[in-house]
Structures are given as C-alpha cells and as structure tokens.
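# Descriptive analysis of the structure
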Amino acid sequence: MIELKNIKKSFNSGYPILDDISMIIEEGDLIRITGSNGCGKSTLLKIMCGLIKPDFGVITYEKYQNEIGAIIENPTFIENDTILYNLRFLYNLKNKFNEERVKSLCQQFDLDLYNKTVMKKYSVGMRQKVGFIQAIMEDQKIIYLDEPTRGMDEKSVNQFYNMISQLHSENKTIIICTHEKLEGIHFQKEYEIKNGSIFKKI
C-alpha cells in the first residue's frame, strides 16, 4: 500500500499546483490519473518517486519503495551513446545486467538492442519505448508512467497495452498519468487533478 497524505506543492509563483492531495494506492492497483496540461500530474509523480519534495505532507510506502520504475515527462538518456549502453548502465546501477531479458523487451517493441545509432537521433516514439523498457526491465514492483504512449505508432501502442495487461496480472502497482483515453487498458480506478485537488472518477 502507498498512502499520500495532505501533499502540497508550490513553485515560484507561490500558487499551489498541488493542494492537500490525499489518496491510498493498494498493491496491484492499475490507476489512470487525468488532468489538463500543467495541472500537476508530472509533479505528483516526481514527488511519489522522491525526485522532488512536497512543501507539506508525507508519502508512506508499505513496501517496494526501492523497486520503482518510471517515465516522467521526457525520458532522459546519455545522448551520445547507444540503447545498449544506456540500458546496461541503468540496469547495472542496482543489479547485474540481464541482457536476454532486455533484448526480448526491445524486440517486442521493434527495437534493436545492438543498434549503433546514438540516442539523440531516436524519434520521440522510440525514446518513449526505450523509457518504458527501462521502467520495467528490472521487474520493478511499482511503475509510474507519465504520458507513456507519446509519439508511439499504433503497433507500439497495442504492444504497450499488452505489456500493461501482463504487468497487471503479475500484481504490479501501475499508475499512468495521461490525457489520452488509452482504451486498450482496463483501469480499476481513475482520478482527475483539477485546481490542485484530486477527485476520484471511478
């Protein structure tokens, strides 16, 4: 279980982008969070990942706090190196690189792990696919995804749906922030962020 309690966050303007956000996320939940551009979806995920701190409030993880995979805003890479270098580097930060698993994930998204093209030459959709692979390649138990299908072609989006279904069947906790409907995913819960508050829709 993950509990967010009274989360507040403001930036330079002083106006709260998140104002008293509270919610409980159960293990194995598949959740969609919607909201207009700039409403605070990315900020909320950054706080949940520990990338930024809230001005007020706490987040409590019952377990798996160190097993989080995420795409937040635009995935960042070592731009002058290859997909293999990037994924191996990230994997080796905590675990021993599982080349066969990563190769298989790449193939499922029509990516070649051994392609010599450097990351700065990848399209937006290709970068999103690499970012998603990075978020799941180490069997992470909690997965946070921010507009994950941005730039993806139809085939890749359908494969993304299949992967989310598989991950959900493995009892992974998945939160997807997006303005897209993602009709191929059967979300258990849906929330909307509006005027700094979060509202449950389903």
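If you tally the helices and strands in the protein, you get five helices and nine strands. Ordered by position from the N terminus, the helices and strands of the protein form the series β-β-β-α-β-β-α-α-α-β-α-β-β-β. Whereas a compact globule of 202 residues would reach a radius of gyration of roughly 17 Å, the protein reaches 17 Å, a difference of no more than 12%. Principal axes of the C-alpha set define a box for the protein whose edges measure 45 × 35 × 30 Å. In the protein, which comprises 202 residues, the share counted as buried stands at 47%. Taking as baseline every contact in the protein between residues at least 6 positions apart, the subset at least 24 positions apart corresponds to 68%.

The volume enclosed by the largest pocket comes to roughly 510 Å³. At the level of elements, strand E5 (68-71) and helix H4 (124-136) are the ones that each hand at least two residues to the lining of the largest pocket. Counting residues per element, the lining of the largest pocket draws most heavily on E5, which supplies four residues. A breakdown of the residues in the lining of the largest pocket according to their chemical character gives 10 nonpolar, eight polar and three charged.

Here we come to the packing of H4 against helix H5 (residues 154-169). Packing of H4 against H5 brings their axes to within 12 Å, and their N-to-C directions diverge by 10 degrees. It follows that H4 is roughly parallel to H5 by the angle criterion. Residues Lys129, Phe132 and Ile136 of H4 form the contact with H5, whose own contacting residues are Ser156, Phe160, Met163, Ile164 and Leu167. Across the contact of H4 with H5, the residue classes break down as six nonpolar, one polar and one charged.

Our next topic: the packing of aromatic side chains. With the rule as written, the count across this model stands at five aromatic pairs. Ring plane angle 5 degrees and centroid distance 6.3 Å describe the contact between Tyr85 and Phe89, whose orientation is recorded as stacked. Placement of both Tyr85 and Phe89 in helix H2 (residues 83-92) is noted, with a separation of four residues, approximately one turn of the helix. Judged by relative accessible area, Phe89 falls into the partly exposed class, the value being 39%. Consider the rings of Phe160 and Tyr161, whose centres lie 6.5 Å apart with planes at 55 degrees: the pair is tilted.

What follows covers the sheet that holds strand E2 (residues 16-25). On the basis of which strands lie adjacent, the open sheet formed by three strands has the order E2-E1-E4 and antiparallel pairing. Both edges of this open sheet fall to E2 and strand E4 (56-61), since each of them pairs with a single strand only. Between one strand axis and the next, the sheet turns by 15 degrees as a mean value, whatever way the strands run. Pairing geometry for strand E1 (residues 2-10) and E2, over six bridges, is antiparallel. Within E2, the residue paired with Ser10 across the bridge is Pro16. Of the strands in this sheet, E1, E2 and E4 touch helix H1 (residues 41-49), which is tilted by about 55 degrees from E2.

Strand direction decides the pairing type here: strand E3 (residues 30-34) and strand E8 (residues 189-194), joined by four bridges, are parallel. Bridge pairing in E8 places Ile33 opposite Tyr191. Bridge count between E8 and strand E9 (residues 197-200): four bridges; the pairing is antiparallel. Across the sheet, residue Ile193 finds its bridge partner in E9, namely Ile198. In this structure, the hairpin formed by E8 and E9 is closed by a connection of two residues, where Asn195 is found at a positive phi of approximately 55 degrees.

Another aspect to go through is empty space enclosed by the protein. As enumerated under the stated definition, the model contains one cavity of 30 Å³ or more in all. Each pocket or cavity is described by its volume, and for the largest cavity that value is around 60 Å³. Around the largest cavity, the lining residues are Met1, Ile2, Ile25, Glu26, Glu27, Lys63, Tyr64, Ile142 and Thr173. Taken together, the residues that form the lining of the largest cavity break down as five nonpolar, one polar and three charged.

The rules behind these values
- Residues numbered from 1 in each chain as written.
- Predicted model: local features only at pLDDT ≥ 70, side-chain atom pairs only at ≥ 80, totals over all residues.
- Heavy atoms only, no water.
- Helix = DSSP H or I, 4+ residues; strand = E, 2+ residues; numbered from the N terminus.
- Rg over C-alpha atoms; globule rule 2.2 N^0.38 Å.
- Buried < 20%, exposed > 50% of the residue type's maximum accessible area, 1.4 Å probe, protein only.
- Contact = heavy atoms within 4.5 Å.
- 1 Å grid on protein atoms, 1.4 Å probe; cavity = no way out; pocket = protein on both sides within 12 Å on 5 of 7 lines; lining within 4 Å.
- Points joined across faces, edges and corners; volume = space filled by probe spheres on them.
- Nonpolar A, V, L, I, M, F, W, Y, C, P; charged D, E, K, R; others polar.
- Axes fitted to C-alpha atoms, helices over the stretch in contact; angles between N-to-C directions.
- Parallel < 35°, antiparallel > 145°, perpendicular 65-115°, else oblique.
- Phe/Tyr/Trp six-rings, centres within 6.5 Å; stacked < 30°, edge-to-face > 60°.
- Pairing = 2+ DSSP bridges.

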